[in-house]
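Structural overview
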Amino acid sequence: DDAKFLIHLGDIQDGRSESCPETLYKNIATIFEHHSPLPTLFVIGDNEWLDCDNDNGDVNAANESFAYWEKHLLPFHEQQRLIVTATG
């Protein structure tokens, strides 16, 4: 009851999955937007970035997957009006 936000520590899919379509990231964002009572911060995991169609070392596949994560999940806390501040 005291939690103010949720941190998801990456790996939104199984590590054996080779496909990381943009719909994967959109669907995860939708699930958290509609079903999580808390603002959510996402940390990227290797399964949704480096493991995506990247068995042959295709850097473009990893870059494309990262761009999807960055578009749909990186700014997620901003969409939910969570203000993150650093204290020193």
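The sections below set out a description of the structure shown in this document. (Residues numbered from 1 in each chain as written. Predicted model: local features only at pLDDT ≥ 70, side-chain atom pairs only at ≥ 80, totals over all residues. Heavy atoms only, no water.)

The next subject is a nonpolar patch on the surface. The grouping of Phe-5, Ile-7, Leu-9 and Val-43 at the surface amounts to a nonpolar patch, some 390 Å² of accessible area in total. Counting through the fold element by element, Phe-5 comes out in the segment before strand S1 (6-8). (Patch = residues over 30% accessible without salt bridge, like charges linked within 9 Å, V, L, I, M, F, W, Y side chains within 5 Å. Areas by Shrake-Rupley, 256 points an atom, 1.4 Å probe, with all protein chains shown as cover. Salt bridge = Lys/Arg side-chain N within 4 Å of Asp/Glu carboxyl O. Helix = DSSP H or I, 4+ residues; strand = E, 2+ residues; numbered from the N terminus.)

Inspection of the entire model under this criterion finds one salt bridge. Close ionic contact of Glu-22 with Lys-71 constitutes a salt bridge, the shortest N to O distance being 3.0 Å. Of this pair, Glu-22 sits in helix H1 (residues 22-35) while Lys-71 is found in helix H2 (residues 59-72), placing the two residues 49 residues apart along the sequence. On the basis of relative accessible area, Lys-71 is assigned to the exposed category, the value being 51%. (Buried < 20%, exposed > 50% of the residue type's maximum accessible area, 1.4 Å probe, protein only.)

For the rest of this paragraph, the subject is the side chain of His-72. Tracing the chain through its elements places His-72 in helix H2. A relative accessible area of 12% places His-72 in the buried class.

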